[in-house]
Amino acid sequence: MFVTWKIGKDKRLRGCIGTFSAMRLHSGLREYAITSALRDSRFSPITRDEIQRLTVSVSILQGFEEARGYLDWTLGIHGIRIEFYNERGSKRTATYLPQVATEQGWDQTQTIDSLLRKGGYRAQITPETRRSIKLTRYTSQECQMSYNEYRDLLEKQSHYHGQLCKMQC
């Protein structure tokens, strides 16, 4: 599960954190909604003033398959998780959800290179570097909601609850 926050009409990334571990949806959603909003080290914590301009999406990851190589995945269909050794010999990992590459306009090689950098690889990226990674591909089910959609939903639920109380009384 991954929770992604975006802000504004251009939907700039504002936070995205998740896990590859299986967990209960309700508790995982609560934990990662807060963590991605307040603790993504790439961003300052989301502020109260930003809430009305936010969109949140939840991606449920599924269908994990070890790829036969770094190009054995499909843009816009698969998310990818790579494992590699950095220039110091430390094992590192990084992931992109299925929509990231197409949103950025990247091809597969650009996506791999960006993911290596995201994961902390600082040396020159060569074809040998790319071939040495272990790639796992996956798909995801994503749902999203803007703050305004959330408010509308709460209003409808409140109205429905009010109608229900009138019928019961």
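Residues numbered from 1 in each chain as written. Predicted model: local features only at pLDDT ≥ 70, side-chain atom pairs only at ≥ 80, totals over all residues. Heavy atoms only, no water.

Within an unreviewed UniProt entry, the label attached to the protein reads AMMECR1 domain-containing protein, and the organism entered is Anopheles maculatus.

(A) Region of the structure containing the packing of aromatic side chains. Scanning the entire structure with this criterion turns up seven aromatic pairs. Relative to Phe-20, the ring of Phe-2 lies with its centre 5.6 Å away and its plane at 70 degrees, an arrangement referred to as edge-to-face. Of this pair, Phe-2 sits in strand E1 (residues 2-7) while Phe-20 sits in the loop between strand E2 (12-18) and helix H1 (25-38); the two residues are 18 residues apart in sequence, bridging distant segments of the chain. A relative accessible area of 8% places Phe-2 in the buried class. What makes Phe-20 partly exposed here is its relative accessible area of 32%. Where Phe-20 meets Tyr-138, the ring centres are 5.8 Å apart and the plane angle is 80 degrees; that geometry is what we call edge-to-face. (Phe/Tyr/Trp six-rings, centres within 6.5 Å; stacked < 30°, edge-to-face > 60°. Helix = DSSP H or I, 4+ residues; strand = E, 2+ residues; numbered from the N terminus. Buried < 20%, exposed > 50% of the residue type's maximum accessible area, 1.4 Å probe, protein only.)

(B) Examining the side chain of Asn-86 more closely. Within the secondary structure layout, Asn-86 lies in the loop between strand E4 (79-85) and strand E5 (91-96). Among the polar contacts listed, one links the side chain of Asn-86 to the backbone nitrogen of Arg-88, at a separation of 2.9 Å. For Asn-86, the residues in contact, after removing those within four places along its chain, are Arg-92 and Tyr-121. (Polar contact = N/O pair within 3.5 Å; in protein donor to acceptor, adjacent residues only side chain to side chain. Contact = heavy atoms within 4.5 Å.)

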